[in-house]
Amino acid sequence: MRISTGMMFEVSTRGMLNNQAELLRTQQQLSTGRRMLAPSDDPVAASQALAVRADEALSAQHAASQSSARGGLEIAESKLGAVGDLLTNARTLIVAAGNGALANADRQSIAAELRGLYAELLGMANAQDGQGRYLFAGYQDGSQPFSETAAGAVYNGDQGNRALAVASSRQIAVSDNGHSIFELGRSGNGVFKTAVANSNTGAASASVGGVYDAALLTGRSYRVVFNVAGTVTTYDVLDITAGTTLSAGNAYTSGAAIRFDGMEISVEGSPANGDRIDVTPSTSQSIFKTLSDAINAVSAPAGAPSAAAQRTTNLGAALAELDSGAERVLAVRADFGSRLRELEDLGALGERERVLLAGQRSRLEDVDYAKAASDFQRQQLALE
């Protein structure tokens, strides 16, 4: 085969063009910092890099969700802290109202303060986040969860909890519904509630009571009825649910324990003939009803000894029920704290994951500057 002069020029021109193309590609790598300028440069690495980018995008989305969840929980936790302080103030006022030396005007002043705390608590229960959503309305965060009616505060939300996906296999509730926070306290001592009958005419008040043997509890309703004959006072214990008499003619001593079916109460003062103490199973009770009952007990005017005895009984129940509601609020607040701690851990873990993913993507996509610079010098020299 004969090699002509034209063929030699053509081969030389083609070689210079190839060198120029390689030099240009190396220049682009140096200017962009990317080893792969097109997926065809390394199809396998391009596919792997695409998967890594998808993981990075998912991790970034989780980070945004963690930030949003953290903001909501911090606001909700702060509100519940304020609720706890309010309930502590209310408890102090109720204890003060139990002082028998107070005049009616003094108790009315305390009742007015309690009404102010009630209104403030209602406002806290209807708190909103920075985006105008109600914190404690469940899924219905666009509607006010609590409203005041003639029957008291009513919950209008649902029992759901809004949650965000903060990790591949983890969702965290960003708040809690108002029902679980404000309406799951317990009446009485949490097991049963004592109440002085409105028809009583004596001066006997009942304690909140307690459980001395849980194995004997029946969950029934009972009544303690007093019988006064001259200077002798006795009492009968009736099982109202079963319609039977547990015991009769028991000698009464003021302040002594009265025990039946695992429960223990004490009655202080002098009951009148026919006076009774009702003992009923505890039920769920909202903090609003507890405060409302306390306000009614404090504001009731002092009159006959029976009125003072009833107020003493009602205030004792109000304190126990307020403590129950405060414990519920504290439990939810502690749960918020544990979620915030988990979010901190997930945030640190996600940050480490994003660093690793960025390094993995860099190894697949980024150029080796030292090698590229060396290639550039070699290619430029060859082209010259």
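In what follows, the accompanying structure is described. (Residues numbered from 1 in each chain as written. Predicted model: local features only at pLDDT ≥ 70, side-chain atom pairs only at ≥ 80, totals over all residues. Heavy atoms only, no water.)

1. Considering empty space enclosed by the protein
Taken as a whole and judged by the stated rule, the model has one cavity of 30 Å³ or more. In this structure, the largest cavity spans a volume of roughly 40 Å³. For the largest cavity, the full set of lining residues is Leu135, Gly138, Gly160, Asn161, Arg162, Ser175, Asp176 and Asn177. (1 Å grid on protein atoms, 1.4 Å probe; cavity = no way out; pocket = protein on both sides within 12 Å on 5 of 7 lines; lining within 4 Å. Points joined across faces, edges and corners; volume = space filled by probe spheres on them.)

2. Observations concerning the pattern of salt bridges
Scanning the entire structure with this criterion turns up 15 salt bridges. Taking the shortest distance from any N to any O, the salt bridge between Glu321 and Lys193 comes out at 3.1 Å. Taken together, the residues Glu321 in helix H6 (residues 305–365) and Lys193 in strand E6 (residues 192–196) connect sequence positions 128 residues apart. For Glu321, a relative accessible area of 3% puts it in the buried group. Given a relative accessible area of 22%, Lys193 falls into the partly exposed group. Here Arg339 and Asp335 are joined by a salt bridge, their closest N and O atoms 2.5 Å apart. With Arg339 and Asp335 both in helix H6 and four residues apart, this pair spans about one turn of that helix. For Asp335, a relative accessible area of 30% gives the class partly exposed. Linked through salt bridges whose partners overlap, the residues forming this network are Asp176, Asp335 and Arg339. (Salt bridge = Lys/Arg side-chain N within 4 Å of Asp/Glu carboxyl O. Helix = DSSP H or I, 4+ residues; strand = E, 2+ residues; numbered from the N terminus. Buried < 20%, exposed > 50% of the residue type's maximum accessible area, 1.4 Å probe, protein only.)

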